[in-house]
Amino acid sequence: MWVANFFVAGSMTMVIPFISLYIESLGNFSDSFVQRWSGFTFGITFVTAFLFSPIWGRIGDKYGRKKILIFSAFGIGLSVLLMGYATTVWQLFILRFFMGVATGFIPMSQAFISTQTPQHVAGKVLGTLQTGSITGSLFGPMLGGVLADAFGYSSTFKWVSITVFLSSLIVMFGIKEIKVKFAGEENDTTTYSRREVIRHIVTHPVLLVVMLMSTLVQVAHFSVQPILSLFVAEIHGPANIAFFSGLAFSAAGLGNLLMTRNWGKLGDRIGYVRILIVLLFMAGIVYFPGAFVTNIWQLVILRFLLGSAIGGIIPLRVAYIRQEAPLSMQGEVLGYNTSLRFLGNIIGPAMGGMIAGFFGFSAVFFVTSGLLVLSGALLLGAWYKHEYAGKESRSFSAHRS
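Not measured: the values here are computed from a predicted model.

## Overview of the overall build of the protein
Step number 1: Looking only at helices and strands, the protein has 17 helices and zero strands in total.
Step number 2: With 401 residues in all, the protein has 57% of them scored as buried.
Step number 3: For the protein, contacts bridging at least 24 residues in sequence account for 86% of all contacts bridging at least 6.

## Thoughts on the nonpolar core
Step number 1: Formed by 97 residues in total, the largest nonpolar core has its most connected members in M211, L228, F231, V232, L299, V333 and L379.
Step number 2: Ignoring anything within four residues of it in the chain, the contact list for L379 reads V209, V210, M213, V273, L276, I277 and L280.
Step number 3: L69, I70, F112 and I175 belong to the second largest nonpolar core, which has five residues in total.

## Details of the environment of T191
Step number 1: Within the secondary structure, T191 sits in the loop between α8 (153-174) and α9 (194-202).
Step number 2: On a C-alpha basis, the gap between T191 and K62 in space is 8.5 Å, while along the polypeptide they are 129 residues apart.

## Considering the packing of aromatic side chains
Step number 1: Applying the stated criterion across every chain yields a total of 17 aromatic pairs.
Step number 2: Here K158 stacks its cationic end above the ring of Y85, 4.2 Å away from the centre of that ring.

## A short note on the packing of helix α3 (residues 31-63) against helix α16 (residues 330-359)
Step number 1: Where α3 contacts α16, the axes come no closer than 7 Å and their chain directions differ by 175°. Between α3 and α16, the crossing angle belongs to the class labelled roughly antiparallel.
Step number 2: Among the residues making up the contact of α3 with α16, the classes are represented as 14 nonpolar, 13 polar and three charged.

## Observations regarding the side chain of S339
Step number 1: Relative to the assigned elements, S339 resides in helix α16.
Step number 2: Non-local contacts of S339, meaning those with residues more than four positions away in its chain, are made with A49, F50, S53 and P54.

## Notes on the packing of helix α11 (residues 228-236) against helix α12 (residues 241-270)
For any two helices packed against each other, one specifies the inter-axial angle together with the distance between the axes.
Step number 1: Close contact between α11 and α12 brings their axes to 9 Å; oriented N to C, the two are set at 115°. Classified by the interaxial angle, the pair formed by α11 and α12 is roughly perpendicular. For the crossing formed where α11 meets α12, the hand is right-handed. Where α11 abuts α12, its residues L228, S229, V232, A233 and H236 lie against I241, F244, S245, A248 and F249.
Step number 2: Across the contact of α11 with α12, the residue classes tally to seven nonpolar, three polar and no charged.

## Focus on a nonpolar patch on the surface
Step number 1: Residues F74, L78, L82 and Y85 make up a contiguous nonpolar surface patch of roughly 410 Å² in combined accessible area.
Step number 2: Along the polypeptide, L82 turns up in helix α4 (residues 66-83).

## Section: helix α15 (residues 313-324)
Step number 1: Its twelve residues place the ends of α15 17 Å apart at the C-alpha level, agreeing with the 16 Å of an ideal helix rising 1.5 Å per residue.
Step number 2: With ten of its twelve residues buried, α15 lies for the most part within the structure.
Step number 3: Among all positions of α15, only I313, I314, P315, L316, R317, V318, A319, Y320, I321 and R322 are buried.

## Focus on α9
Step number 1: Residues V197, H200 and I201 constitute the buried set of α9. Here the buried residues of α9 occupy an arc of 100° about the axis, which is enough to place them on one side. Facing away from the buried surface of α9 by more than 90 degrees, the exposed residues are R195 and V202.
Step number 2: Residues of α9 that are buried in the fold lie against α10 (205-222), α15 and α16.

## Considering the confidence of the model for the protein
Step number 1: On average, residues of the protein score 78 in pLDDT, and 79% of them are at 70 or above.
Step number 2: Put simply, helix α1 (residues 2-14) is where the protein has its lowest mean pLDDT, 60, and helix α13 (residues 272-287) is where it has its highest, 91.
Step number 3: Low pLDDT (under 50) marks residues 393-401, which in the prediction has zero contacts with non-local residues, meaning those over four places away or in another chain.

## So, the environment of V333
Step number 1: Residue position: V333 is located in helix α16.
Step number 2: Given a relative accessible area of 0%, V333 falls into the buried group.
Step number 3: C-alpha of V333 to C-alpha of I321: the two residues are twelve residues apart in sequence and 7.7 Å apart in space.
Step number 4: Apart from residues lying up to four places away in sequence, V333 is in contact with V197, I201, M211, I321 and A325.

Rules used in this analysis
Here, residues in each chain are numbered from 1, in the same order as that chain's written sequence. The model is predicted, so local features are restricted to residues of pLDDT at least 70 and side-chain atom pairs to those at 80 or more, both for listing and for counting; the totals for chains, interfaces and linings are taken over all residues. Processing note: side-chain calculations cover all non-hydrogen atoms of the structure and skip hydrogens and water entirely. The helix and strand labels rest on DSSP assignments: H or I over at least four residues marks a helix, E over at least two residues marks a strand, and numbering proceeds from the N terminus. Residue burial is assigned from relative accessible area. The probe radius is 1.4 Å, only protein chains are included, and a residue is buried under 20% of its type maximum, exposed over 50%, and partly exposed in between. When checking whether two residues touch, look at their non-hydrogen atoms; a contact exists if any pair is within 4.5 Å. The definition of a nonpolar core used throughout is a set of buried Ala, Val, Leu, Ile, Met, Phe, Trp, Tyr and Cys residues joined through side-chain atoms within 4.5 Å. When the centres of two rings from Phe, Tyr and Trp lie within 6.5 Å, Trp using its six-membered ring, the rings pair. Their planes under 30 degrees apart give stacked, over 60 give edge-to-face, and anything left gives tilted. Over a ring means this: the NZ of a Lys or the CZ of an Arg is within 6 Å of the ring centre and within 35 degrees of the ring normal. Angles shown run from 0 to 180 degrees and are taken between the N-to-C directions of axes, each axis being a line fitted to C-alpha atoms and, for helices, limited to the stretch in contact. Any angle that falls under 35 degrees is termed roughly parallel, while one over 145 is termed roughly antiparallel, one within 65 to 115 roughly perpendicular, and all others oblique. Asp, Glu, Lys and Arg are counted as charged, while Ala, Val, Leu, Ile, Met, Phe, Trp, Tyr, Cys and Pro are counted as nonpolar; the rest, among them Gly, fall into the polar class. In this scheme the crossing of two helices becomes right-handed for a clockwise turn of the near helix relative to the far one and left-handed for an anticlockwise turn of less than a right angle. Patch members must show over 30% relative accessible area and no salt bridge, and they are joined within 9 Å when carrying like charges or within 5 Å when they are nonpolar side chains of Val, Leu, Ile, Met, Phe, Trp or Tyr. Each accessible area is a Shrake-Rupley result for a 1.4 Å probe, and residues are judged covered by the shown protein chains and nothing else. Salt bridge, as used here: a side-chain nitrogen of Lys or Arg that lies within 4 Å of a carboxyl oxygen of Asp or Glu. What a helix is expected to span follows from its residue count: subtract one and scale by 1.5 Å. What the arc measures is the spread of directions leading from the helix axis to the C-beta atoms. Predictor confidence is given residue by residue as pLDDT, running from a minimum of 0 to a maximum of 100.

Quick look at the structure:
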C-alpha cells in the first residue's frame, strides 16, 4: 500500500506546479483570467469528490475497500491521460470535474489501513503510510517540472497516467483485504444507518470539530497551491519556472517526510488532539512570513518549515477518528471527513485565485495564516471545554460526594 500511495501521490503532484502554466499555453489570456481559472480548474475535481466520498466510504464498509481502490486508481489514470490531449480550458476543466468522481485513493487507503490497525499504534502506522504519499509528493513536483521543461506539458500528462495505472495493478495483485477484529471491538458487528453515523459524529463534540477543522485546514493549505507557480515567477523570473515551482512544492513534502511519522508516534503517546492543536498554531505562524519573501530560497525554507508542521495533521486526524468511531462505521465516518477536506479543496483554490487577482499574492499568505490559527483556536476551545474542563468538573463532583 505504501508503494501504491507513492505512485498515486507522485503522479497527482507532478502536474500541480504547472496547471496554471498549462492554462496559459492554451490561449492568449490575461493574468487575472489565468489566476481565476487556475483556481477553478484545480478546485473542480474536489466538487465531485466532495459528493462521492461518503458514498465510497459506505460501500467500502459494506463490500470492502480494495475494489474501490482499484477503481479510483484506474479512473484517475484515465482522466490524467486525456488531459494531455486537452486543447481548451473547458476541456481541461471538464476532465478535472470527472476525475473527482474517482479521486480518493489516498483517503480510502487510510481507511483501509485504519480499520486493520489497533488503536494504540494507529498514529504511528498511519504516519508511516503517510510517508508513502509524502515521498511521492516530494519527488512528483520536481520530476514533473523537469519533464514539463524537457518534453512539454501535454507529454507530461501522458507519462504521469502510466504510473497511476501501475498503482491499480499493485493494489489488484499485491494487496489482500482481511476482516480484522481487535480486543475490545469483537462485538462491533452492527450495521449502522446513515442517520446513526451522523448522530455519532454530532454527539462527540471534539470529533465533530476535528472533522470540521479538515475544511479550514484545506482551505488554508490549498489557497496558495494553484497560484504558487505564478508567485515563483514573480519573485524569481521566467527561467526554468516549472522546475523552481516544483522545488517550492517539494520543499513542503520534504518537511512532511521527515516529521510525519514522529508526529504520529508522539500522538500515540500523549494524545492526538494535543499534538493537532500545536501543529495548527505552528503552521499558521510559519505561513505568515511567506507574504514578505523576496527570493525563491526564502520561499523554499518557509515551505519546508510549513511541511514539517502540516505533516502530522492528516495521520493524527485519521488516528483520532479511528479512536472515536466503531470499526464498522469508520469507512463512512472517514468518508464524511474526506468530503469536508474536499470542501476545503473546493473553496481554497478559488478563494486563493480571487484574493490574488484582487489584492495580490501577499494577501493569500495573510488569509491562510489566519485560517490555520483560527483552526487551532477552535480545536483548543472544543478540547478544553469537552475534555479537560469536563474531567475537572466530574472530578470535583466526585470529591464532594
